[in-house]
Every structure is written in structure tokens, then in C-alpha cells.
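Results of the structural survey
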Amino acid sequence: MFSGLAFFCGAAFGSWANMLAYRLRRGMSVWHPPRSFCDICGARLGLIELIPVLGWAVSAGRARCCGGKVSPIYPLVELAAGALAAAVAWFCWGGLRSGS
Ligand SMILES: [Zn+2]
């Protein structure tokens, strides 16, 4: 349960890191537009697409707005960040519970 929460926080962080990397590479502002948008057509992303990993999985790696292919790098980064956060949380929580 706790690890699941940590995973989601980590995945959200991974999603944010993706956005940051994407915008910085293109010399764009990190704050504007405030919401994520489609790489291909520039449409604003819907709520489902904003969910880390799951958003990519439910649309089978395709953008819902224009059907363009979304790079699997994005969910992979989110997955890696989520797994890392869950592992850290699991180890820390386990350490606390063993009374050390
Ligand atoms: Zn699109």
C-alpha cells in the first residue's frame, strides 16, 4: 500500500522530469503552457493521458488526439522513477519496522 503510493509519486515525478527534459531541449518555458500537450499535434492532453504509465498503456502508445505514436521512453522513465521510489520507500519502511 505504502509502496504503491510511493510508486505513484515517483511515476508522477518521472512524468514531470519527461516534460522538463522535453521543454528544455527545445528551449521552451518550463511553466508555459502549464499543462502537458501532445508532442505531435500540440493538442492539450486529457486527464487519462496525464496519468503516468497508465495513460500511455490504455491508448496503446498512441496519442488520443491525433493517433500519432508516443515514444515508449516516456512511460519507461515514469516506470523507472516509480520503481525507484517504491524500492526506497520499501527499504526505509522495512528498516523502521524492524526497530533498528
Ligand atoms: Zn496529438
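My aim in this report is to walk through the structure given alongside it, one point at a time. All values derive from a computational prediction rather than experimental measurement. (Residues numbered from 1 in each chain as written. Predicted model: local features only at pLDDT ≥ 70, side-chain atom pairs only at ≥ 80, totals over all residues.)

A separate point is the overall build of the chain. The helix and strand tally for the chain stands at 4 helices and 0 strands. Listing every helix and strand of the chain by position from the N terminus yields α-α-α-α. C-alpha atoms of the chain, sized along the principal axes, occupy 55 × 30 × 20 Å. Looking at the chain as a whole, 20% of its 100 residues qualify as buried. Taking the intrachain contacts of the chain between residues at least 6 apart in sequence as the baseline, contacts between residues at least 24 apart amount to 62%. (Helix = DSSP H or I, 4+ residues; strand = E, 2+ residues; numbered from the N terminus. Buried ≥ 20, exposed ≤ 12 C-beta atoms within 10 Å, placed from the backbone. Contact = placed C-beta atoms within 7 Å.)

Let's shift gears to the nonpolar core. If you look at the biggest cluster of nonpolar residues, it comprises 10 residues: Ala6, Phe7, Ala11, Val53, Trp56, Tyr74, Val77, Ala81, Ala85 and Ala86. At the level of secondary structure, the elements contributing two or more residues to this core comprise helix 1 (2–25) and helix 4 (73–97). It is helix 4 that contributes the most residues to this core, 5 residues altogether. If we skip the residues at most four places from it in the chain, Tyr74 touches Asn18 and Trp56. (Core = buried A, V, L, I, M, F, W, Y, C linked by C-beta atoms within 7 Å.)

Further remarks concern helix 1. Note on helix geometry: an α-helix contains 3.6 residues per turn, so any two residues three or four positions apart are oriented the same way. Over its 24 residues, helix 1 runs 34 Å from end to end, which matches the ideal 34 Å to within 8%, given 1.5 Å per residue. Listed as buried for helix 1 are Ala6, Phe7, Gly10, Ala11, Gly14, Ser15 and Asn18. At the exit of helix 1 stands Gly27, carrying a positive phi of roughly 65°. (Expected span 1.5 Å × (residues − 1).)

Okay, unusual backbone geometry next. Among all residues save glycine, negative phi is the norm, and among peptide bonds the norm is trans. In this model, His32 is joined to Pro33 through a cis peptide bond whose omega is -5°. In this structure, Pro33 sits in the loop between helix 1 and helix 2 (47–50). One non-glycine residue with positive phi stands out, namely Val53, at about 65°. For Val53, the position within the fold is in the loop between helix 2 and helix 3 (54–58). Here the phi dihedral of Ala60 falls at roughly 55°; this positive angle occurs in a residue that is not glycine. Positionally, Ala60 belongs in the loop between helix 3 and helix 4. The class for Ala60 is exposed, based on 8 C-beta atoms found within 10 Å.

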